[in-house]
There are 2 protein chains.
Amino acid sequence: MQETDRFIQDNLARYLDEFAELVAIRSISTDPAYAGEVAEAAEWVSRRMTEAGLEAEIHHTEGHPLVVGRHHAGPDAPTLLVYAHYDVQPADPEEEWRSPPFQLTRDGDDLVARGAADDKAQVILQIAAAEAALQSGTLPVNLILLFEGEEEVGSVHLTPFVARNRESLATDHAVIADSMMFSRARPSLIFGMRGVAYVEIEATGAGRDLHSGQYGGAVPNPVHALARIIASFHDGTGRVAVPGFYDRVREVPAGLREAWRGLGYDEEAFRGSAGGASLTGEPGFATHERLWIRPCLDVNGIVGGYTGPGKKTVLPGRASAKVSCRLVPDQDPEEIIQLLKDHIARQAPEGVQLRVTGVQANPPFLAEPSGPLFDAASRALEEVYGVEPARVAHGGTLPIARDFAELLTPSVAVLGFALPGANMHAPNEWIPSSQVEKGIRSMVRLYAGLAAR
Amino acid sequence: MQETDRFIQDNLARYLDEFAELVAIRSISTDPAYAGEVAEAAEWVSRRMTEAGLEAEIHHTEGHPLVVGRHHAGPDAPTLLVYAHYDVQPADPEEEWRSPPFQLTRDGDDLVARGAADDKAQVILQIAAAEAALQSGTLPVNLILLFEGEEEVGSVHLTPFVARNRESLATDHAVIADSMMFSRARPSLIFGMRGVAYVEIEATGAGRDLHSGQYGGAVPNPVHALARIIASFHDGTGRVAVPGFYDRVREVPAGLREAWRGLGYDEEAFRGSAGGASLTGEPGFATHERLWIRPCLDVNGIVGGYTGPGKKTVLPGRASAKVSCRLVPDQDPEEIIQLLKDHIARQAPEGVQLRVTGVQANPPFLAEPSGPLFDAASRALEEVYGVEPARVAHGGTLPIARDFAELLTPSVAVLGFALPGANMHAPNEWIPSSQVEKGIRSMVRLYAGLAAR
């Protein structure tokens, strides 16, 4: 392992240069204008895998391509599949970035860019770990790197691909490399993640903007209707008020909640990462519980009428909102979308047409937080960070986690090296460069640990 | 009058060409990017007045310029001041226009363009009326044309200008040429218009967009707060629920309401002009009453979070809404803004900062609907249209009406030639070309009627 560590040390500057190259490719999967750059990022990843000594292949889909890299250690070696994604969120609002979003910019130890933490650092470090192990002569597992370009748009083509290729993707263990540590000092192994039910609501009144003096008071305003609907989503305490929303929420064992309280979740750090916002939410739960084991509903965006500079006295003809729920076991996203539709239909006011479209539906994920993968990962991380990783849940959603568990192996762990407050999906996203190095060192130890069993 | 009518007939095509020239100048007063074109429009108007035989002068302000045109008939002739404005609203949403917004496009008898009805046709026809009277030898009143370039941004510099120039603007009568007829067949004289109280609400949570999975459920969402505030503006029946809002609303005499019912307000035409929207509003009032004599509150625009194509799972850091009330006598706009601020402050949820900024405050206007001006205008319109004009109120706001009554003369009438459903402030604004001609003919008759007394 000393030789491998030396190799990592010697090549770290190059890995960071490669990180900057990948960041500069604006692989924004949600915006068709950037489809060419998503494809370019796939090419980049494939080329990089080949250079690292892996067999690489690009698999085209009707959306953005998948890239698969492989190393064959032999029929007796265990197989590990590592998932990451090379696509990113849009960079808006661009004016809030302190440096150009697609230029990896150093700020002390931190590296700032769109995709720095979510998920391009992990793409870089996973390939680097395979390379380091190979070049120093010790990649003792059959490795499958499965990197997609559609994570930020719901991984539409990944699951069908995995289902079609269960044989060639057959694996003993799967690591989802798209998450963050428990704290700056303490890594984590994540065994539960929330699901998503995402809808778009369109409210139409007159259908076009009218003069608010000539029509105001006599023609219904779709913004008012939309506001009443949004206001009806929560009760006064912060609980979601959509009937049936909590019906399938599984109670989390008191012992687990207690163990988690013992971790000392840093609320102040979390609050700081949220720009110092007040922490509020469902009564009866701590902040980490609200994130890990409780569902929620958020409006992600709303727009209607005149939103430019100055004033304009219009009565808006239409308005729309994007709304998503984060779900926990055993909530079913399709059922939640139906509950939302039913609830919204009951709020429909006179004279305003409502249309609700389901946009995304991903079930929550829950694995067994023990077994060879968790044990080997735990030892690897403890060796690098000097502390046992926390086994926790997480508020985000990785649709593929559940799909892997169903299609490939129940031995799935979510293991990532971003830090809390990394500004994923927000301006000034960052990851410490030291995390790239520690991530590489952790992964080569995980290979060894799995092979040693 | 025959000779004048012939002159109008002979020159109508030219007037419509001039109309197209003025429309092509994008004099959008609310957007600083168009300040140059607003100035250009002022130059155009001044030049046109001069060509028409008036003394014209541009008065610069700290905002957009005023243009004053004058004709001196003699010390014994009555003086008539006519107000119009040469600025326009923005053209957005541009994709909903069926023809380029700044190109006067003929559609049957209708002329379509931003500003066609509000208010460039009136600028054109008022200058043309003065020219026609002068060229055919009969402009028997002292005429002052006072045209501003800031009507769509609250006429900020007009009232101070009038106050500073009360002597040179001294007049017996004032006509506000910025309104519409009662119906296609029936002109109107307007003696009451609603005021405006306009505010902008900014709700700030984390201050920047956060990942809705990593923060959702634990950090307050400013869109939710804004929605609750907007939902609190009305009760379930459609009445405004801001405490104190109706306290100063003056009861309209039953006799006037009855007389208005006799006019046969065309609700279906109004509904058609509103894109077929349902007509809803305050209970106990007919549509024309909801517009003319009842106050209302409308959100003019709202925006927060991600509003682009596709989905983005963000928890918005801030959200804002533009909100305006239309006011009736004796509501006071500054008091209403304070009531709004107080009401909003009472809705402030934990963890969301609210800032409410007053943007515009214009009191309602109410004149005495009788006297020499109303009589002369009534006869002039009846001669051209074959029917006595309806003496009505109107839902829109013309701040200057009230200011003229206070600073210059109580003899103020609002008299315009746009038609109901003209799409003012909306895409595909239009005015029939025949209305330009009838407007010119009505105005030269009004001059004669005033002079004959």
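Residues numbered from 1 in each chain as written. Chains lettered and ligands numbered in written order. Predicted model: local features only at pLDDT ≥ 70, side-chain atom pairs only at ≥ 80, totals over all residues.

Here we look at the overall build of chain A
Working step 1: Along the backbone of chain A there are 13 helices and 18 strands.
Working step 2: Taking 453 residues into account, the globule formula puts the C-alpha radius of gyration at 22 Å, and chain A, at 23 Å, falls close to it.
Working step 3: Here the C-alpha coordinates of chain A stretch approximately 80 × 50 × 45 Å along the principal axes.
Working step 4: For chain A, with 453 residues in total, the buried portion stands at 59%.
Working step 5: The long-range share in chain A, meaning contacts at least 24 apart out of those at least 6 apart in sequence, stands at 79%. (Helix = DSSP H or I, 4+ residues; strand = E, 2+ residues; numbered from the N terminus. Rg over C-alpha atoms; globule rule 2.2 N^0.38 Å. Buried ≥ 20, exposed ≤ 12 C-beta atoms within 10 Å, placed from the backbone. Contact = placed C-beta atoms within 7 Å.)

Concerning the interface of chain A and chain B
Working step 1: Listed per partner, the contact involves 80 residues of chain A and 81 residues of chain B.
Working step 2: Among the secondary structure elements, those contributing two or more residues to the side of chain A that touches chain B are β10 (210-211), α5 (212-215), α6 (222-231), α9 (287-292), β11 (296-305), β12 (314-315), β13 (318-327) and β14 (353-362) of chain A.
Working step 3: Tallying contributions element by element places β11 of chain A first for the side of chain A that touches chain B, with nine residues.
Working step 4: When the residues that make up the side of chain A that touches chain B are grouped by side-chain class, the tally is 31 nonpolar, 34 polar and 15 charged.
Working step 5: Sheet topology places β11 of chain A next to strand β11 (residues 296-305) of chain B; five bridges connect them, and they run antiparallel. Within β11 of chain B, the position partnered with Val303 of chain A by the bridge is Val303 of chain B. (Nonpolar A, V, L, I, M, F, W, Y, C, P; charged D, E, K, R; others polar. Pairing = 2+ DSSP bridges.)

Quick word on the sheet that holds strand β5 (residues 110-112) of chain A
Residues and elements named next belong to chain A.
Working step 1: The antiparallel open sheet is built from three strands, whose spatial order is β4-β5-β18. Single-partner strands in this sheet number two, and they are β4 (105-107) and β18 (430-432). Direction aside, the axes of adjacent strands within the sheet are offset by 30° on average.
Working step 2: Note: β4 against β5, three bridges, orientation antiparallel. Within β5, the residue paired with Arg106 across the bridge is Leu111.
Working step 3: Of the strands in this sheet, β5 and β18 touch helix α3 (residues 116-135), which is tilted by about 45° from β18. (Axes fitted to C-alpha atoms, helices over the stretch in contact; angles between N-to-C directions.)

Considerations on the domain arrangement of chain A
Residues and elements named next belong to chain A.
Working step 1: Under the domain assignment, chain A is made up of domain 1 (2-193 + 365-452) and domain 2 (195-249 + 295-362).
Working step 2: Here domain 1 and domain 2 have C-alpha centroids that lie 35 Å from each other.
Working step 3: With five residues of domain 1 at the contact, the number on the domain 2 side is six residues.
Working step 4: In the side of domain 1 that touches domain 2, the residues fall into two nonpolar, three polar and no charged. (Domains from an automatic or database assignment.)

Description of the relation of the copies chain A and chain B
Working step 1: Least-squares fitting of chain A to chain B yields an RMSD of 0.0 Å, with the transformation described by 0.0 Å of translation along the axis and a rotation of 180°. Overall, the copies show the geometry of a two-fold rotation axis. (Least-squares fit on C-alpha atoms with pLDDT ≥ 70 in both.)

A short note on unusual backbone geometry
Residue and element names in this part refer to chain A.
Working step 1: Asp92 connects to Pro93 through a cis peptide bond whose omega is -5°.
Working step 2: Structurally, the position occupied by Pro93 is in the loop between β3 (79-85) and β4.
Working step 3: In this chain, Pro329 is followed by Asp330 through a cis amide linkage whose omega measures 5°.
Working step 4: Along the chain, Asp330 turns up in the loop between β13 and α10 (333-347).
Working step 5: Positive phi is not limited to glycine here, since Ser155 has a value of about 50°.

So, the pairing of strand β16 (residues 390-394) of chain A
Working step 1: The buried count for β16 of chain A comes to five of five residues, which makes it a mostly enclosed element.
Working step 2: A two-sided burial pattern is seen for β16 of chain A, the buried positions comprising Ala390, Val392 and His394 of chain A on one face and Arg391 and Ala393 of chain A on the other.

Some thoughts on α3 of chain A
Working step 1: Taken across its 20 residues, α3 of chain A has 18 buried, putting it largely inside the fold.
Working step 2: One or two residues past the end of α3 of chain A sits Gly137 of chain A, with phi positive at roughly 85°.

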